[in-house]
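Here's the letter readout for the chains.
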Amino acid sequence: MVEIELDGKKVSVVEGSMVMHAADAAGTYIPHFCYHKKLSIAANCRMCLVEVEKAPKPMPACATPVTNGMIVRTKSDKAIKAQQGVMEFLLINHPLDCPICDQGGECQLQDLAVGYGGSSSRYQEEKRVVFHKDVGPLISMEEMSRCIHCTRCVRFGQEVAGIMELGMIHRGEHSEITTVTGDTVDSELSGNMIDLCPVGALTSKPFRYSARTWELSRRKSVSPHDGVGANLIVQVKSNKVMRVLPLENEAVNECWLSDRDRFSYEALNSDSRLTTPMIKQGGQWQAVDWNTALGYVADGLKRVKAEFGVAGIGALGSAQSTVEELHLLAKLVRGLGSDNIDYRTRHADFNLEHGGVRWLGTSIASLSTLQRAFVIGSFLRKDQPLLAQRIRQAARHGAQVHSLGAVNDDWLMPMGTRLVAAPSAWVGVLAQVAAAVAAATGAVSPLPLDAGIEPTDEARAIATSLISGQQKAVLLGNAAAQHPQASQLLALAGFIAQHTGASVGYLTEAGNTVGAQLVHAMPRQGGLNAGQMLSQPMKALLLLNVEPTLDAADAAAARAALEGSGLVVALTPFKDAQVENADVLLPIAPFTETSGTFVNAEGRVQSFHGVTRPLGDARPAWKVLRVLGNLLGLDGFNHETSEEVRAEALGDVATVASRLNNEAAALGVVHTAAAGGLERLADVPIYSTDAIVRRATSLQLTADAKPPVASLPSALWQTLGLQAGERVRVSQGGASALLPAVEEPSLAANTVRVPAGHAHTATLGAMFGALTIEKA
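Definitions and limits used
Residues numbered from 1 in each chain as written. Predicted model: local features only at pLDDT ≥ 70, side-chain atom pairs only at ≥ 80, totals over all residues. Heavy atoms only, no water. Buried < 20%, exposed > 50% of the residue type's maximum accessible area, 1.4 Å probe, protein only. Helix = DSSP H or I, 4+ residues; strand = E, 2+ residues; numbered from the N terminus. Arc of directions from axis to C-beta. Contact = heavy atoms within 4.5 Å. Polar contact = N/O pair within 3.5 Å; in protein donor to acceptor, adjacent residues only side chain to side chain. Salt bridge = Lys/Arg side-chain N within 4 Å of Asp/Glu carboxyl O. Phe/Tyr/Trp six-rings, centres within 6.5 Å; stacked < 30°, edge-to-face > 60°. Lys NZ or Arg CZ within 6 Å of the ring centre and 35° of its normal. Core = buried A, V, L, I, M, F, W, Y, C linked by side-chain atoms within 4.5 Å. UniProt positions renumbered as here; feature names shortened; annotations may be inferred. Pairing = 2+ DSSP bridges. Axes fitted to C-alpha atoms, helices over the stretch in contact; angles between N-to-C directions. Parallel < 35°, antiparallel > 145°, perpendicular 65-115°, else oblique. Left-handed = near helix turned anticlockwise from the far one by under 90°. Nonpolar A, V, L, I, M, F, W, Y, C, P; charged D, E, K, R; others polar.

### Some words on helix α18 (residues 555–563)
Then step 1. Taken residue by residue, α18 has Ala555, Ala558, Ala561 and Leu562 as its buried positions. All buried residues of α18 fall inside an arc of 125° around its axis, so they share one side.
Then step 2. Looking at the buried positions of α18, the neighbouring elements they touch are α16 (530–533), β23 (540–544), α17 (548–551) and β24 (567–572).
Then step 3. Between the side-chain oxygen of the N-cap and the backbone nitrogen of Ala556 there are 3.4 Å, and the N-cap of α18 in question is Asp554.

### Considering the pattern of salt bridges
Then step 1. What the rule picks out here adds up to 36 salt bridges.
Then step 2. Across the salt bridge formed by Asp457 and Arg460, the nearest N and O atoms sit 3.6 Å from each other. Here Asp457 and its partner Arg460 are both found in helix α12 (residues 457–467), three residues apart, which amounts to about one turn of the helix.
Then step 3. Several salt bridges converge on common partners, so that one network encompasses Arg346, Glu547, Asp551, Asp576, Arg694 and Arg695.

### Structural notes on the packing of aromatic side chains
Then step 1. Under the defined criterion, the tally for this structure stands at three aromatic pairs.
Then step 2. Both rings, one in Trp426 and one in Phe768, keep their centres 6.3 Å apart while their planes meet at 70°; by these two values the pair is edge-to-face. With a gap of 342 residues between them, Trp426 in helix α11 (residues 426–441) and Phe768 in the loop between β32 (751–753) and β33 (772–775) connect regions that are remote in the sequence.
Then step 3. In this structure Phe768 comes out as buried when scored by relative accessible area, which is 13%.
Then step 4. Cation over ring: Arg243 sits above Phe207, and NZ or CZ is 4.4 Å from the ring centre.
Then step 5. Residue placement shows Lys539 over the ring face of Phe308; its charged tip is 4.5 Å from the ring centre.

### Side note on the nonpolar core
Then step 1. Counting residues in each nonpolar core, the largest one holds 93 residues, and the members touching the most others are Phe33, Met47, Ile139, Phe156, Leu166 and Leu202.
Then step 2. It is helix α10 (residues 385–396) that contributes the most residues to this core, six residues altogether.
Then step 3. Setting aside anything within four residues of it in sequence, one finds Phe156 in contact with Leu39, Ala161, Gly162, Leu189, Asn192, Met193, Leu196 and Trp256.
Then step 4. If you look at the next biggest cluster of nonpolar residues, it comprises 54 residues, including Ile313, Val569, Val599 and Trp622.

### Here we look at the UniProt feature "domain: 4Fe-4S Mo/W bis-MGD-type" (unreviewed entry) in the protein
Then step 1. When the UniProt feature table is mapped onto this chain, "domain: 4Fe-4S Mo/W bis-MGD-type" (unreviewed entry) is found at residues 216–272.
Then step 2. Helix and strand shares over residues 216–272 are 9% and 35% respectively, and the end C-alpha atoms of the span are 24 Å apart.

### Some thoughts on the environment of Ala365
Then step 1. Structurally, Ala365 can be placed in the loop between β17 (341–342) and β18 (372–376).
Then step 2. Under the relative-accessibility criterion, Ala365 is labelled partly exposed at 30%.
Then step 3. When the C-alpha positions of Ala365 and Arg344 are compared, they lie 27 Å apart, and in sequence the two are 21 residues distant.
Then step 4. Excluding residues that lie within four positions of it along the chain, Ala365 makes contacts with Ala251, Arg390 and Glu602.

### Notes on the sheet that holds strand β11 (residues 217–222)
Then step 1. As summarised here, the arrangement of the three strands in space is β11-β12-β13, forming an open sheet in which the pairing is antiparallel. A single partner strand is all that each edge strand has here, and the edge strands are β11 and β13 (240–246). Here the strands of the sheet are splayed against their neighbours by 35° on average, with no regard to which way each runs.
Then step 2. Where β11 meets strand β12 (residues 231–237), six bridges bridge the pair, whose relative direction is antiparallel. Each residue of the ladder has a partner; that of Val222, found in β12, is Asn231.

### Overview of the pairing of strand β2 (residues 9–13)
Then step 1. For strand β1 (residues 2–6) and β2, the ladder comprises five bridges, and the chain directions are antiparallel. Each bridged residue has a counterpart across the sheet, and for Ile4 the counterpart in β2 is Val11.

### Looking at helix α20 (residues 642–650)
Counting along an α-helix, one turn takes 3.6 residues, and residues three or four places apart therefore face a common direction.
Then step 1. Where α20 is concerned, the buried positions are Ser642, Val645, Ala649 and Leu650. Along the long axis of α20, the arc covered by the buried residues comes to 105°, so they all point the same way.
Then step 2. Summarising the contacts, the buried residues of α20 are in contact with α8 (323–335), α15 (513–518), β26 (596–599), β27 (605–608), α19 (621–631) and α21 (656–659).
Then step 3. Positive phi shows up at Gly651, right after α20, with a value of about 65°.

### Section: the packing of helix α7 (residues 290–308) against α19
Then step 1. One can describe the packing of α7 onto α19 by two numbers: an axis separation of 10 Å at closest approach and a directional angle of 55°. When the axes of α7 and α19 are compared, the pair comes out oblique. Note that α7 runs across α19; the crossing there is right-handed. For the pair α7 and α19, the contacting residues are Trp290, Leu294, Gly295, Val297, Ala298 and Lys302 in the first and Val624, Val627, Leu628 and Leu631 in the second.
Then step 2. Within the contact of α7 with α19, the residues separate by chemical class into eight nonpolar, one polar and one charged.

Below is the structure:
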């Protein structure tokens, strides 16, 4: 520690710290623009000039290292004059458009100009003008004359997002921030640049000119879209969500949000919202009141139970639903005598849950300090933007990050060994890494020696890397959880982690994947799982926030199953919900209009309140399910508040951590040989993951939301004789889709990447099934 004197007070800080850090520790504010605690030090705005005794001139606090006995004055005449001089230069070219600027009321330049600016300008020359730029549907760069060149946006791209999409060109007063080549800004974390910008140069395009900041009320919430459970500040005006910002929580999302969390609120105000219950009569939708709709559903369920028994009654929930909603859905189905309840609509291996509640296996914050990571079956950047950012920070500090997948997509971080294999070969390739670990540590191999597995050099390199180092994690992504051999992948990953001293866990798919397991929203005693319910007609099916053809592992089978089903009841916030053959649509409140709880990937229980009233006649789903339980005459549906439901669903929250468990069942017969023929690799694009995101207008205009294409490995591309821009017919069983083709040289041989979760591919079959390709 080093002790300095700051404005007459003694302050102790870690050696190597800057004066700015000492000021933060002492609670002393030094004006600044370019400094940000999460970014590197640039020292280019000079607003933080302070007087350092024995220094010949004022020094920038953000870039001046502390030395023992240093005397610093931040409020002396010399310091104040220097700061006022810098402010005068910053305002020379700044336009006087505060009244129409979206940053007005929350602008750092505006605030500091009050304290350090002059009452009039001495500058008489012509002000510079910077031409506006169009960088996509999310960020507005319409008034770049306001830019003060703090370079926070540039450094964020380089250091946090991993891609330098903005940079500075020219010099002096001709300097400007731009994409250089006129490209759009396409990072999945790009919205954070809006928060970082201290002036009104980068503003939110969807929010632009819609409200003043002082008109908005601020309320806390939690995002449902991925396993992080990012903490939100939801800003509301006239009972309408106007903007979403990050609520800083160092243990969860730090001060960042992914664009999916930030801009998905547009769907909550869209024209596609369902505001009144609907019943289909004679093929036409009729609006009815709640009593009629719920009476119809209750009578239908009673009739099905009387005629066919309970075996044909089932329910599917989404892991974006709250703990309370999933608990009551499961309780309702079990109250009727059925055990057909599941949330794993995209899974293919349902042995995965035998043994415990699957979770991250470590804390989210610890990902930033990993020294070794092995990521299996993940489209990391797009599946988990904020967790990818954490691992990127670890990689920037020297962590060795290895991966196993079917394509080398760019994770925007320094990578170690990358194993590329067709999905059917993942178990075999992972077994090679396990064998290499066993050989290096003297452990008993998890597979019989006659399996004929000889580790490759790459497998040995990963094993050697994982055995070294201290903080280590083996992480399974969405594709590993949805894989037909998911339980074997977990067993092998668990063996590797156990014998290398690493943690093992899942980068969970949705905001409440862990919570869904905790409330047993899956069959326990021989009930039908999601795969079975979506591949055979059901007599009665309840759907909570699920659009089967977009959320199923096998879209074609789900469509066929629904067409033959009896009573189909969709609890959904949207009137255009993709639920073929639905008989009843019940309008439920999305996460901003209901209270509830999500349990994130690390097992953190996060409860939240509704931030606006439900739209129209929509009602919180837990209330709808409670009333339905009463109408069916079931016991235990007397809850008055969501807190009562949560207490019943989770019990003692303090014991949640002890219920999390990634132990796998013992490996049975392992098929390590790859399948013959072509096979599908199906990612779910970042803006197709759930019903809310699919209806967020601005997100659907981004590069990541472009219609899906069929990506082919180079050998197959040449075999078919394809040229850029041509289309191919992708067929699975009796289903097919016509898609544009692109060459993807890093794809594993015999693997075709065809995204799921999109209307253009919703006619196709299994996400990891065999397929055929022909030139259209």
